[in-house]
Amino acid sequence: MGKNKIKEKMRNQAIAVVRCSEFSLAEEISKRLIADGIKAIEITYSVKDAGKLIENLKKQFPDSLIGAGTVLTLDQAKEAVNYGADFIVSPCIVDEVCDYCVKNDICCSQGAATPTEAYKAYKMGADIVKIFPGSAFGPSYIKELKGPFPFMNFMPTGGVSEKNVKEWFDNGVFAVGLGGYFTKNITKDNLEEIDIRVKKIFDALK
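Residues numbered from 1 in each chain as written. Predicted model: local features only at pLDDT ≥ 70, side-chain atom pairs only at ≥ 80, totals over all residues. Heavy atoms only, no water.

Describing helix H3 (residues 50–60)
Of all eleven residues making up H3, eight are buried, and the element is well covered by its neighbours. Within the sequence span of H3, burial applies to Ala-50, Gly-51, Leu-53, Ile-54, Glu-55, Asn-56, Leu-57 and Lys-58. Along its buried surface, H3 packs onto helix H2 (23–35), strand E2 (40–44), strand E3 (65–69) and helix H4 (74–82). (Buried < 20%, exposed > 50% of the residue type's maximum accessible area, 1.4 Å probe, protein only. Helix = DSSP H or I, 4+ residues; strand = E, 2+ residues; numbered from the N terminus. Contact = heavy atoms within 4.5 Å.)

Okay, structure coming up:
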């Protein structure tokens, strides 16, 4: 699937960010999220053997978007792509990661907190500018950024919940990332809690 097609599939989506140290739990959480209707999963490199998990999920769910998050090195980016990652996300601007993605036609999101960082990420070729941490700003920040930068695609991560997810979209985001909202305090014994949380997000977006 080409970069532009992946990017369009990410548009208007609630992207689940899976940050969990235990491989098997991260896999169970990811499967549950996909079963509940989440179309894009970001496996962070804080997950043990993240690349292998990306490969497993792509094999089981070829129609879902499975990306890599918290990508801080070129080696991680290359590994993730080799394992089949559809997109790459960094929490900040990582020049070597962005350059690699641009040169290899890979959908890339780079993290920014200020207008200067956002513009730098865009000029480097990032397809999506990740506003992180979203909790430090709030939905109105996107509207302010869209003034000088109407051509940028913003994806806040952190601080997104059923209480404000519609407001984020109303202020012009491209997509949103939800990590702890979906995964906090989740164990193999209470995976059904994910069903409730996903439903709250979808209901809020109706």
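What follows picks up the thread again.
Re the pattern of salt bridges
According to the stated counting rule, one finds eleven salt bridges in the structure shown. In this structure, Asp-170 and Lys-166 form a salt bridge, with 3.2 Å as the shortest nitrogen-oxygen distance. In this pair, Asp-170 and Lys-166 both sit in helix H8 (residues 165–170), four residues apart, roughly one turn of the helix. Judged by relative accessible area, Asp-170 falls into the exposed class, the value being 55%. (Salt bridge = Lys/Arg side-chain N within 4 Å of Asp/Glu carboxyl O.)

As for the packing of aromatic side chains
In total, this model carries six aromatic pairs according to the counting rule given. Judged by centre distance (5.9 Å) and plane angle (15°), the ring pair of Tyr-119 and Phe-149 falls under stacked. Of the two residues, Tyr-119 sits in helix H6 (residues 115–124) while Phe-149 sits in the loop between helix H7 (140–146) and strand E7 (154–156), which places them 30 residues apart along the sequence. By relative accessible area, which is 37% here, Tyr-119 ends up partly exposed. (Phe/Tyr/Trp six-rings, centres within 6.5 Å; stacked < 30°, edge-to-face > 60°.)

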